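# Structural description and commentary
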Amino acid sequence: MLEFARYDAAKRIKGSVYLAVGMSLLATFAVWAYPSYSEAMDMEQLREAFPEPMIQAFNIQTMASLEGFLAVELYMFGWVILLGLYIAYSAASIIADDIDRGRMDTLLSMPVSRPRLALERFAALGVPILAVNVVTPVVVLVSADLIGESLAVVDVVALHLLSIPYLFACGGIGLVASVLFDRASIAQRVALGVTFGIYLVESLLTGTDYEGLGAIAPMRYFNPNEVLINGTYDLVGAAILIGMMSILIIVSQLWFVQRDL
Amino acid sequence: MGAIELDGLTKDYGDVLANDDVSFSVETGEIFGYLGPNGAGKTTTIRMLLGFINPTAGTARVLGNDIRDRKALIEAKHRIGHLSDDQAFDEQATGTEILDLHAAVKGDERRAELLDLFDPPLDRQVRDYSSGNVQKLGLVTTFMHDPDLVILDEPTGGLDPLVKHRFAEFLRAERERGVTVFFSSHILSEVRRLCDRVGIIRDGRLVTVDPIETLLSRSGKVVRINSAGPIPTEFVDIDGVHDLETSVPDGHVADPDTEFTECTFTFTGDINALLARLPDHEMVDVSIEEAPLEDVFLRFYGGDEDA
């Protein structure tokens, strides 16, 4: 068991290092930029200066503290949007790429079931997800310390922990696309489009009659603001995200197992 | 029980009937050739046998397992080797990494022995492989777990003649060890060299299954006659003569409408009866050769089965 997970995990290490470095740079930049912003202007005014849809889309609550600033600049943008899209995109090639390149027959001529193959390779997404969530909080905390700001260590760690089920749920969207489409490029585009689309639905329909639609969006259940500013952890949200991921995996497996390759 | 038993196996793609009610069986320990041109439906059959696509109707048993029973078929794959017609591996992996993955999943008792025979550059990434090297790596992954049954889809594509020869020797030795081989090909000489029996598929329908000798005897002999003097055409106008061509080259005195000094034809009757009919003429040259399998093939594809 786990041969395919191990193989894929090993293949993902290099990219995960780049990803962790990239996100750490983004984090360093966000922390480093905060003092010059806060000295140059009233950060509450900066918040007001954003157009209303953007305040809503990024769920901007306050920018007048490093916590609030990071929640928007690093976590809403970097984690919820960028990483969410990246993981969905990456998951979209799990099955489709092998079908696209004619490698699936070779893989399945081994004694392995399709659901197991899909699940193990999905699990290998854990490598980039963990790498980025282990390295970046350290960088964030050290950088904050360097500029003389203090962040609640527990909140930062909790935020990164809570982002793990969120990112796996985004991966689940990619996995579904991956079994639905034979061409990796199409699966990837669909995964990106759907993930971003439901993010928009969730953020822009808030406060309208259609708010309920946002319930299908993973973004509803992962809120960096709450964690960093209020120190509240939405464990029910995390459980919902795990459930969402499980459903998406099972749907993918059920579709994958019965389809013609 | 046969190693592979097809029972009315059908795959209907709507616009194409890729396999139409195909039934035959491959006996344990034989090399069975599955012959047909590109697009005849060979790969479709193989992909159904391995569970990659679902049959529209009918079924098959592979090593006794119904192909519709997914669990049983996956379990059976511990004893099956498969080489796809378009073998492809993770381009970013080295040959060794690929073999290690296969070894971890299904075993690699014969890896070293196979690498002596087929020697892909294991330290290089697959992206740098020639098609021949991809095929060699595929042959190693196909046989490394010492399968009882191997299913090979166009196995010699991309191999150079030397490796092809080595592969043929290897396959014969595998048969001696009791391995069952099912392999598809559109290359007739290959099938003839290797196979015990041959199934011919055409437009998704099985045309015939025969031992290779039967196929060759049905295809007859090619006879060439070159006589010093004219022979009346009626002497060769008998049952079993096909594709008769007669000629009178310059310098010979004969009526080309009724006589010949040179002729070629395919003969499917008793060769002694033919020789007895030939008149007491002085021959310059007579040759009787086995018909090329291409002709057999053409005959089936021409739809003229008793020719």
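Residues numbered from 1 in each chain as written. Chains lettered and ligands numbered in written order. Predicted model: local features only at pLDDT ≥ 70, side-chain atom pairs only at ≥ 80, totals over all residues. Heavy atoms only, no water.

### Some thoughts on the overall build of chain A
Rule in force here: A run of H or I in DSSP becomes a helix once it reaches four residues, and a run of E becomes a strand once it reaches two; helices and strands are each numbered from the N terminus. Both definitions apply: the radius of gyration is a C-alpha atom measure, and the globule rule equals 2.2 Å times residues to the power 0.38. Classification of residues uses two cut-offs on accessible area relative to the type maximum, computed with a 1.4 Å probe and protein chains only: under 20% is buried, over 50% is exposed, and between them is partly exposed. Two residues form a contact once any of their heavy atoms are found within 4.5 Å. Note on areas: Shrake-Rupley, 1.4 Å probe, and residue coverage restricted to the protein chains presented here. Positive: Lys, Arg. Negative: Asp, Glu. His and the chain ends are not part of the count. A charged residue contributes its charge at one atom only: NZ of Lys, CZ of Arg, CG of Asp or CD of Glu.
Of the regular secondary structure elements, chain A holds 12 helices and 0 strands. Written out in order from the N terminus, the α and β elements of chain A read α-α-α-α-α-α-α-α-α-α-α-α. Its C-alpha atoms give chain A a radius of gyration of 19 Å, within 12% of the compact-globule value 18 Å for 261 residues. Dimensions of chain A, computed from the C-alpha atoms along their principal axes, are close to 65 × 45 × 30 Å. In chain A, buried positions account for 54% of the 261 residues. In chain A, once contacts between residues fewer than 6 apart in sequence are set aside, the share between residues at least 24 apart is 75%. Of the roughly 11100 Å² of accessible surface on chain A, a fraction of 68% belongs to carbon and sulfur atoms. Chain A carries 14 positive and 24 negative side-chain charges, and their two centres are separated by 18 Å.

### Observations regarding the environment of Asn133 of chain A
Residue and element names in this part refer to chain A. Counted only if it meets this: Counting of polar contacts relies on pairs of N or O atoms within 3.5 Å, with two restrictions inside protein: one atom must be capable of donating a hydrogen and the other of accepting it, and residues adjacent in sequence are counted only when both atoms are side-chain atoms.
Structurally, Asn133 is set in helix H8 (residues 126-146). Of the residues examined, Asn133 reaches a relative accessible area of 7% and is grouped as buried. Considered as a pair, Asn133 and Leu162 are 29 residues apart in the sequence and their alpha carbons are 9.9 Å apart. For Asn133, the contacting residues outside a window of four places in its chain are Trp79, His160, Ser163, Ile164 and Leu167. Of note is the side chain of Asn133, whose polar atom sits 3.0 Å from the side chain of Ser163.

### A short note on the interface of chain B and chain A
Test applied: Throughout, the accessible surface (probe 1.4 Å) given up by two parts as they are put together, summed over both, is called the buried area. The term salt bridge refers to a pairing of a side-chain nitrogen on Lys or Arg with a carboxyl oxygen on Asp or Glu at a separation within 4 Å.
Residue-level contacts link 27 residues of chain B with 21 residues of chain A. Summing both sides of the interface, chain B and chain A together bury roughly 2300 Å²; the carbon and sulfur share of this comes to 54%. Interface area lost by chain B to chain A is led by Phe52, Leu101 and Val105 of chain B, which between them contribute 26%. On the surface where chain B and chain A come into contact, there are 5 salt bridges. For the salt bridge of Arg47 of chain B with Asp105 of chain A, the shortest nitrogen-to-oxygen distance reads 2.8 Å. At the boundary of chain B with chain A, the tally comes to 15 residue pairs in polar contact (both at pLDDT 80 or more).

### Brief notes about the nonpolar core
Our working rule: By nonpolar core we mean a set of buried residues, namely Ala, Val, Leu, Ile, Met, Phe, Trp, Tyr and Cys, connected to one another through side-chain atoms within 4.5 Å.
Membership of the largest hydrophobic core comes to 144 residues, with the highest contact counts inside it found for Leu70, Tyr75 and Met104 of chain A together with Leu152, Leu171 and Phe182 of chain B. A per-element tally of this core places helix H4 (residues 66-91) of chain A first, with 15 residues. Counting residues in each nonpolar core, the second largest holds 11 residues, with Ile225, Val241, Phe267 and Leu274 of chain B among its members.

### Considerations on helix H9 (residues 153-180) of chain A
The α-helix advances 3.6 residues per turn, and as a result positions three or four apart in sequence lie on the same side. Applicable threshold: For a helix, the expected span equals 1.5 Å multiplied by the number of residues minus one.
Spanning 28 residues, H9 of chain A covers 42 Å between terminal C-alpha atoms, matching the ideal 40 Å at 1.5 Å per step. Among the 28 residues that make up H9 of chain A, 23 are buried, leaving the element largely enclosed by the rest of the structure.

### Structural notes on the packing of H9 of chain A against helix H10 (residues 184-204) of chain A
Residue and element names in this part refer to chain A. Definition in use: For helices, the axis comes from a line fit to the C-alpha atoms of the stretch in contact; other axes are also lines fit to C-alpha atoms, and the angle between any two N-to-C directions lies between 0 and 180 degrees. Comment on the angle field: the value is read as roughly parallel under 35 degrees, roughly antiparallel over 145, roughly perpendicular from 65 to 115, and oblique elsewhere. By definition, turning the near helix anticlockwise from the far helix through less than a right angle yields a left-handed crossing, and turning it clockwise yields a right-handed one. The nonpolar class holds Ala, Val, Leu, Ile, Met, Phe, Trp, Tyr, Cys and Pro. Asp, Glu, Lys and Arg form the charged class, and all remaining residues, Gly among them, are polar.
Across the interface, H9 lies against H10 with an axial gap of 8 Å and an inter-helix angle of 140°. Between H9 and H10, the interaxial angle falls into the category oblique. In the packing of H9 onto H10, the handedness of the crossing is right-handed. Along its contact with H9, which presents Cys170, Ile173, Gly174, Ala177 and Ser178, the element H10 presents Ala187, Val190, Ala191, Val194, Thr195 and Ile198. Class assignment of the residues belonging to the contact of H9 with H10 gives a composition of 8 nonpolar, 3 polar and no charged.

### Description of the confidence of the model for chain B
Defined as follows: Values of pLDDT, which run from 0 to 100, indicate the predictor's confidence residue by residue.
Taken as a whole, chain B shows an average pLDDT of 88; of its residues, 94% reach a score of 70 or greater. At the level of chain-chain contacts, confidence expressed as ipTM amounts to 0.88, with global pTM at 0.85.

### Comments concerning the pairing of strand E3 (residues 31-35) of chain B
Residues and elements named next belong to chain B. Short version of the rule: Criterion used throughout: strands pair if DSSP finds at least two bridges between them.
Among the 5 residues that make up E3, 5 are buried, leaving the element largely enclosed by the rest of the structure. Of the two faces of E3, the one lined by Ile31, Gly33 and Leu35 and the one lined by Phe32 and Tyr34 are each fully buried. Sheet analysis places E3 next to strand E8 (residues 180-185), joined by 5 bridges and oriented parallel. Along E8, the bridge assignment pairs Phe32 with Phe182. Looking at chain direction, E3 and strand E9 (residues 197-202) are connected through 4 bridges and run parallel. Within E9, the position partnered with Phe32 by the bridge is Arg197.

### Here's the deal with H4 of chain A
Here is the rule we go by: In this analysis the local bend is the angle between axes fitted, respectively, to the seven residues ending at and the seven residues starting at the residue.
Over its 26 residues, H4 of chain A extends only 33 Å from the first C-alpha to the last, a length that falls short of the 38 Å expected when each residue adds 1.5 Å. Of all the bends found along H4 of chain A, the most pronounced is centred on Tyr75 of chain A and spans about 45°.

### What to know about the pattern of salt bridges
For the coordinates displayed, the defined rule picks out 30 salt bridges over all chains. Across the pair Arg177 of chain B and Glu174 of chain B runs a salt bridge, and its minimum N-O distance is 3.1 Å. Classification of Arg177 of chain B by relative accessible area gives partly exposed; the value is 45%. Within this structure, Asp8, Asp97, Asp98, Arg101, Arg103 and Arg121 of chain A together with Glu91 of chain B form a network of salt bridges that share partners.

### Points about the packing of aromatic side chains
Filter applied, for reference: Two rings from Phe, Tyr or Trp (for Trp, the six-membered ring) form a pair when their centres are within 6.5 Å of each other. A pair whose planes differ by under 30 degrees is stacked, one over 60 is edge-to-face, and the rest are tilted. Think of it as a cone above the ring: NZ of Lys or CZ of Arg counts as a charge over the ring if it is within 6 Å of the ring centre and within 35 degrees of the ring normal.
Counting across every chain of the model gives 15 aromatic pairs over all chains. For the ring pair Phe118 of chain B and Phe170 of chain B, a centre distance of 5.7 Å and an interplane angle of 90° mean the geometry is edge-to-face. Taken together, the residues Phe118 of chain B in the loop between helix H4 (111-117) and helix H5 (131-143) and Phe170 of chain B in helix H6 (residues 161-176) connect sequence positions 52 residues apart. Since its relative accessible area comes to 0%, Phe118 of chain B is described here as buried. Overall, Phe170 of chain B belongs to the buried group, its relative accessible area being 5%. In this arrangement the basic side chain of Arg114 of chain A is found over the ring face of Phe256 of chain A, its NZ or CZ atom lying 5.7 Å from the centre.

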